[in-house]
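# Structure assessment
The lines below spell out each chain.
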Amino acid sequence: MRKTLIVHNRHALRTYRTRAALDAEQGLQMFTIEQLAARLAGGFLQPIDPDDFNAAVGAALAVPMGELDAIKTLPGFQRAAAASLSKARGR
């Protein structure tokens, strides 16, 4: 019997995957919401890899940004910008 579990983020996916392994569950497939959306879209869309996303944010911050130039070099700004964008797009 196959069961499907949908979780809200990658941390929850790892937690449930570990629990399933410890409980020796079989036939359980797990997806994050992003993975489910990509699968329902027919495989043409894929959730963006977090490392690629952070690299894209870093590349975007490398260009002049007017008023943001003063703060974009502060420690943690790239991480904060990436987190804000992820939240804004519902990730």
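What you see is a predicted model; the values in this text were computed from it and never measured.

The next point concerns a nonpolar patch on the surface. Taken together, the side chains of Val-63, Met-65, Leu-68, Ile-71 and Leu-74 make up a nonpolar region of the molecular surface, amounting to roughly 390 Å² of accessible area. Considering the arrangement of structural elements, one finds Leu-74 in the loop between α3 (50–61) and α4 (77–88).

This part covers the pairing of strand β1 (residues 3–7). As defined by bridge partners, β1 adjoins strand β2 (residues 28–32) across 5 bridges and the pair is classed as parallel. Residue Lys-3 lies in a different strand from β2, and its bridge partner there is Leu-28. Read from β1 through helix α1 (residues 10–22) to β2, the crossover connection turns out right-handed.

Inspection of the secondary structure assignment puts Lys-72 in the loop between α3 and α4. Among the residues examined, Lys-72 registers a relative accessible area of 17% and is labelled buried. At 3.1 Å, the side chain of Lys-72 forms a polar contact with the side chain of Asp-69. Once residues within four sequence positions are removed from consideration, Lys-72 is found in contact with Leu-61, Ala-62, Val-63, Pro-64, Met-65 and Phe-77.

Here we take up the nonpolar core. Ranked by size, the top nonpolar core spans 6 residues in total: Phe-53, Val-57, Leu-61, Phe-77, Ala-81 and Ala-82. Those elements giving two or more residues to this core turn out to be α3 and α4. Setting aside residues no more than four positions away along its own chain, Val-57 makes contact with Gln-78, Ala-81, Ala-82 and Leu-85. Counting residues in hydrophobic clusters, the runner-up holds 5 residues, among them Val-7, Leu-13, Ala-20 and Met-30.

Analysis parameters
Residues numbered from 1 in each chain as written. Predicted model: local features only at pLDDT ≥ 70, side-chain atom pairs only at ≥ 80, totals over all residues. Heavy atoms only, no water. Patch = residues over 30% accessible without salt bridge, like charges linked within 9 Å, V, L, I, M, F, W, Y side chains within 5 Å. Areas by Shrake-Rupley, 256 points an atom, 1.4 Å probe, with all protein chains shown as cover. Salt bridge = Lys/Arg side-chain N within 4 Å of Asp/Glu carboxyl O. Helix = DSSP H or I, 4+ residues; strand = E, 2+ residues; numbered from the N terminus. Pairing = 2+ DSSP bridges. Right-handed = clockwise from strand over helix to strand, strands pointing away. Buried < 20%, exposed > 50% of the residue type's maximum accessible area, 1.4 Å probe, protein only. Polar contact = N/O pair within 3.5 Å; in protein donor to acceptor, adjacent residues only side chain to side chain. Contact = heavy atoms within 4.5 Å. Core = buried A, V, L, I, M, F, W, Y, C linked by side-chain atoms within 4.5 Å.

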